[in-house]
Amino acid sequence: MADKKKDNLKIFLSIASVAAISIFFTARLLSRRRPCKQRKSQIPCYLHADLKPQLSFKRVLADNSYSPFNHFNRQPDSVNEKSPSLTHPYEAEITALMENPLLQFSKIPMDGFDVKMGDSYVWVESEPQLSQLAQLLSEQSAFAVDTEQHSLRSFLGFTALIQISTEEEDYLVDTIALHDSMAILHPVFADPNICKVFHGADGDIVWLQRDFHIYVVNLFDTAKACEVLSKPQKSLAYLLETYCGVTKNKLLQREDWRQRPLSDEMVQYARTDAHYLLYIANCLFAELKQQDREYSSCTDDKLNFVLEASRRSNMICLQLYAKETDGFPGESAAFSILSRQLNGQGAALMPDETKFQDLVRRLCAWRDLMARVHDESTRYILSDYAVVALSEKVPTTQADIYGTIIQADLNIDSSNLSSSLQSPSSLICSHWIDVHQLIQDKSGNLDNFFPVIIQNCLGPNGSCPLSVFNYALLINCSLKLETKSVSKQNEFKNPKQVSKKASRQLFIQKFSCKSPVYHNCRIYTNDGQLLCYCDRRKLEWYLRRDLAKLVDDDPPAIMLLFEPKGRPEDEYNDFYIQSKKNICVGCGEGNHYLRYRVIPSCYRVHFPEHLKSHRSHDIVLLCVDCHEVAHAAAEKYKRRIAGEFGIPLYVRKVVDSNQAPIISGSSESKIFEDSGVSPLQLRTAAKALLRHGPEMPPRRRDELTQIVKRYYGGMEISNEGLERALVVGMSPHERRRLEKKNVSHSAKVDTLKEASGTKDELDFCMVKDDHKDNPSTCFDSRVTTACNDMSPHSSQISETRSVCAVNTDNSESSTLNEIADSSCTRYEGNKSFKHNKKLSLLGHGPHGKQVVNHILNECGEEGIRQFCKQWRQVFVESVHPRFLPGGWDVMHSGRQEFGEFGVYNPAKKGANGS
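These figures come from a predicted structure and were not determined experimentally. (Residues numbered from 1 in each chain as written. Predicted model: local features only at pLDDT ≥ 70, side-chain atom pairs only at ≥ 80, totals over all residues. Heavy atoms only, no water.)

*Asks:* Lay out the overall build of the chain with the relevant residues and their values.
*Replies:* Across its full length, the chain carries 34 helices and 16 strands. Within the span of the chain, comprising 914 residues, buried residues form 48% of the whole. A separation of at least 24 residues holds for 73% of the contacts in the chain among residues at least 6 apart in sequence. (Helix = DSSP H or I, 4+ residues; strand = E, 2+ residues; numbered from the N terminus. Buried < 20%, exposed > 50% of the residue type's maximum accessible area, 1.4 Å probe, protein only. Contact = heavy atoms within 4.5 Å.)

Put into structure tokens, the structure is as follows:
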């Protein structure tokens, strides 16, 4: 019996030992398999402790999802489904203001304006206060507005403060506390009878739409008024100093405008932006009216200054906010980073180039997603430098990841705001395991990885707080990854293609016509014959002077009260009596279009007045793609003209005045194509060498150096020579801006002034070509040939004299660098020639004027007509237009007679001038 008990005890102990050992090893195994989950649970999201002000918003119009932005719909019942239409809700009102401005500054008694800003202002932070402010503003004829934005700790950014000033008081509206109530101001901002004064309103207009559905109607932008008045500068700092004697500290613009309460300095800065705007606007408006009065008696009455300032201002109001979208999260940022890397390395490739590109793409996509989830800017989460460093070094541990990011951020320029940020960011510290998995390529396909991240962050057991900014991401986890723009998920597209696409969209947004070009208004002769189609402004010109009467309203039509000098049959075609469509004449695109001058302005501006005035035949509408094709063909043909006429497009080289004879024209058209250096190309190369020359890859540095040396005739270039190259081809306004940037360096400023060509007169010396025995014979032969056989395919080249502008300083120490911004020009007798600064604004310096002058001298106006026909032929052969207006013809004569009332009537102009 006892033995049996002992055996049972042994069996029990054996089983217990095996069970204990099994439990021990099972626990060890599980602990090894789940380290990440344990670590994750131990690191809560930083947002639980870092409560951002915008998390208190109950409703946002622009969330961080990938869905497009929906604009305000004034007639919600008329549309069945919601659509982010690009139609402006107040387009009709704004368009009307562009033709008939309602500017009532004359009602504002500004004579006794005190430029000293007092201490009194109103802080608006409650809904009753906001309603009271809206009522007060509705009784004003005008008020000034400015905004302060915050973008560092927000994905899309948001308006943190609005400054509004009336004649009597300054108001600072706390848009963080009143974010959900700001619609109260919607009606007063959209009221066309109240003028809203901004300065540089391009950003403010779309930010107000984004955050509050506030649309500005009837805008007067003081920056646009400066443009119309041709002010030397258009910055608010310039206007404050000029009209009010006030200076401001622009560094405060980069302060954190979320903080409450604001410091005294920030309050002062915010009030300054709006407080003086009404006074400045009144001064500018008075100047605009003065210009109109001065030019009202002039026959050249083409520009109404007040109307033009209003038109340019209200064109800004037609802008619509739109989210920036990528085919894949972070795609644009990734291509931007890789493009910079490729440009920096030249043709050399890294050993693991494919892996490097893939890591950059993964990190940018993850950064974009986390920025949306946490409502942070991408630069706050992870800098571009850190993305590159992580992709190159591929760290394997938490310490290595942190160290790589810190070291990369230390390389950021100290002037950059990001350099003062915590490194690594709080988000990286909370979610470093995601970065580790991306770098180690343990995340698998990103299609599956990102929805998992969203669920881990925002799901039922997510570590991150939900908000109005990220809730839509949780609803739609697909992220729209499967798009037509991403054909192969793991392949990287050419950065140049994406960059070109982005540039195209930016070009369309910035330069395309914001309103219809053709209004198809009709002008009839006094006997009822249709004379031409025109725009509204031309109709109003006749009506204001009682030279016509209105005979129809829709579309508008007038009948002249005098006998016109010319009639449609005098033009030998029907172009001017055809209605025209607002579409691209090449492909028919109607969503966007730009004006394109078939005959380049660098030539046309020098035509005789009657061959260019009121001539719309050679101005057509093209979409961006057709415009690019036409422009490329035009530039190619300009180079051919440069070769045929022996007149270089650009400044070719600069020499010492004592060695001027070394410059010579060439009998090779290839020389004219290859040796010329564009002023923009020269300035860009010089700026890059001055700023980053020592850090550049040798190959790239040599390429840029060759560009500058080609301009200077192949001689070695010093830093002083590079500085002088910065001003070549600049307009006087651009030179002044450059000098202002360097005002703290007086020595450099003096150098720039010396190089800017500000002397009233330069002596021109004749330079004889080394290969010519009789230059004048060659000259006559060239012009005759050019006039008799002006075909786009002509390749005959003849040699000619060249003249080079040189410094008249007789000092023996005159060097290469003392002669900047010189330009080779045609020799026209033994007379001195005044240096014309405006020539640099025409694109190719004196080239266009010289070509036109020689054609006129040798062939007269018929030569100009043949020249124009060539350009039309070049346009037709390059674009193959299918939608040209009726009557458009390559053989268009361009002949025009001027009537008694014509502003370009030569006899009338002569009478006025005498």
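*Asks:* Got a sec to walk through the sheet that holds strand E3 (residues 158-165)? Specific residues and values, please.
*Replies:* Ordered in space as E1-E4-E3-E2-E5-E6, the six strands form an open sheet in which the pairing is mixed. Each edge of the open sheet carries a strand with a single partner, namely strand E1 (122-124) and strand E6 (219-221). On average, adjacent strands in this sheet sit at an angle of 25° to one another, irrespective of strand direction. Of the strand pairs in this sheet, strand E2 (residues 142-150) and strand E5 (residues 195-198) are connected by three bridges, and their pairing is parallel. Within E5, the position partnered with phenylalanine 143 by the bridge is lysine 196. Strands in contact with helix H9 (residues 264-275) are E2, E3 and strand E4 (170-173); relative to E3, the strand with the most contacts, it is inclined by about 60°. (Pairing = 2+ DSSP bridges. Axes fitted to C-alpha atoms, helices over the stretch in contact; angles between N-to-C directions.)

*Asks:* Run through the pattern of salt bridges, naming residues and quoting values.
*Replies:* All told, the structure shown has 28 salt bridges when counted by the stated rule. Close ionic contact of glutamate 376 with lysine 52 constitutes a salt bridge, the shortest N to O distance being 3.3 Å. With glutamate 376 in the loop between helix H13 (353-374) and helix H14 (378-381) and lysine 52 in the loop between helix H2 (35-42) and helix H3 (91-99), this residue pair connects regions lying 324 residues apart in the sequence. Overall, the relative accessible area of 4% leaves lysine 52 in the buried class. Taking the shortest distance from any N to any O, the salt bridge between aspartate 174 and arginine 260 comes out at 2.9 Å. In this pair, aspartate 174 sits in the loop between E4 and helix H5 (186-190) while arginine 260 sits in the loop between helix H8 (236-244) and H9, placing the two residues 86 residues apart along the sequence. If you follow the salt bridges from partner to partner, you end up with Lys224, Glu227, Lys234, Glu308, Arg311, Arg312 and Arg537 in one network. (Salt bridge = Lys/Arg side-chain N within 4 Å of Asp/Glu carboxyl O.)

*Asks:* Could you give an account of H3, with specific residues and numbers?
*Replies:* Within the sequence span of H3, burial applies to Ile94, Leu97 and Met98. One side of H3 carries all its buried residues, which in axial view fall inside an arc of 105°. (Arc of directions from axis to C-beta.)

*Asks:* Explain the packing of helix H25 (residues 624-645) against helix H33 (residues 847-879) to me, using residue names and the numbers behind them.
*Replies:* Where H25 meets H33, the closest approach of the two axes is 11 Å, and the angle between their N-to-C directions is 145°. In this structure, H25 meets H33 at a crossing whose hand is right-handed. The residues of H33 that touch H25, namely those facing Cys626, Val629, Ala630, Ala633, Ala634, Tyr637, Lys638, Ile641, Ala642 and Phe645, are His847, Val851, Ile855, Phe867, Gln870, Trp871, Val874, Phe875, Ser878 and Val879. Looking at side-chain class alone, the contact of H25 with H33 contains 16 nonpolar, three polar and one charged residues. (Left-handed = near helix turned anticlockwise from the far one by under 90°. Nonpolar A, V, L, I, M, F, W, Y, C, P; charged D, E, K, R; others polar.)

*Asks:* An account of the packing of aromatic side chains is requested, with residue identities and associated values reported.
*Replies:* Going through the model one piece at a time under the given rule, you end up with 15 aromatic pairs. Look at tyrosine 603 and phenylalanine 867: their rings are 5.2 Å apart centre to centre, the planes differ by 80°, and that puts the pair in the edge-to-face class. Pair noted here: tyrosine 603 is in helix H23 (residues 601-604) and phenylalanine 867 is in helix H33, with a separation of 264 residues, a long-range link. Judged by relative accessible area, which is 1%, phenylalanine 867 ranks as buried. Clustering of aromatic rings is evident, with ring pairs tying together Tyr603, Tyr637, Phe867 and Trp871. Taking NZ or CZ as reference, arginine 153 lies 4.2 Å from the ring centre of tyrosine 380, over its face. The cationic tip of arginine 372 hangs over the ring face of tyrosine 66; the distance from NZ or CZ to the ring centre is 3.9 Å. (Phe/Tyr/Trp six-rings, centres within 6.5 Å; stacked < 30°, edge-to-face > 60°. Lys NZ or Arg CZ within 6 Å of the ring centre and 35° of its normal.)

*Asks:* An account of helix H27 (residues 679-692) is requested, with residue identities and associated values reported.
*Replies:* Here H27 is 14 residues long and its end C-alpha atoms lie 20 Å apart, about the 20 Å a rise of 1.5 Å per residue gives. Within the sequence span of H27, burial applies to Leu682, Arg683, Ala685, Ala686, Ala688 and Leu689. Of the surrounding secondary structure, the elements contacted by the buried residues of H27 are helix H28 (698-711) and helix H29 (719-725). (Expected span 1.5 Å × (residues − 1).)

*Asks:* Any chance you could break down the side chain of histidine 374 for me, citing the residues and the numbers?
*Replies:* Here histidine 374 lies in helix H13. Here histidine 374 falls in the buried class, since its relative accessible area comes to 1%. Apart from residues lying up to four places away in sequence, histidine 374 is in contact with Cys45, Tyr46, Leu47, Lys52, Leu427, His431 and Cys464.

*Asks:* Just give me the short version of the sheet that holds strand E8 (residues 530-534), but keep the residues and values in it.
*Replies:* Taking strand neighbours across the sheet as the criterion, the four strands line up as E8-E7-E10-E9 in an open arrangement whose pairing is mixed. Edge strands, defined here as strands with exactly one partner in the open sheet, are E8 and strand E9 (548-553). Neighbouring strand axes in the sheet, compared pairwise and without regard to direction, differ in orientation by 25° on average. Across four bridges, the pairing between strand E7 (residues 521-524) and E8 is antiparallel. If you follow isoleucine 523 over to E8, its bridge partner there is cysteine 532.

*Asks:* Residue-level account of the nonpolar core, with values.
*Replies:* Among the nonpolar cores identified, the biggest contains 50 residues, and Trp366, Ile381 and Phe450 are the most heavily contacted of them. For this core, the element with the most residues is H13, which contributes ten residues. Every residue in contact with tryptophan 366, bar those within four places of it in the chain, is listed here: Ile381, Leu427, Ile428, His431, Asp434, Val435, Leu438, Phe450 and Ile453. With 47 residues, the next largest nonpolar core counts Leu539, Phe607, Cys623 and Cys868 among its residues. (Core = buried A, V, L, I, M, F, W, Y, C linked by side-chain atoms within 4.5 Å.)

*Asks:* Go over unusual backbone geometry, please, and point to the residues and values.
*Replies:* Cis peptide bonds are those with omega within 30 degrees of zero, and the linkage from arginine 260 to proline 261 qualifies with -5°. Along the chain, the position of proline 261 falls in the loop between H8 and H9. A cis geometry characterises the amide bond from serine 423 onward to proline 424, with omega recorded as -5°. Here the phi dihedral of valine 394 falls at roughly 50°; this positive angle occurs in a residue that is not glycine.

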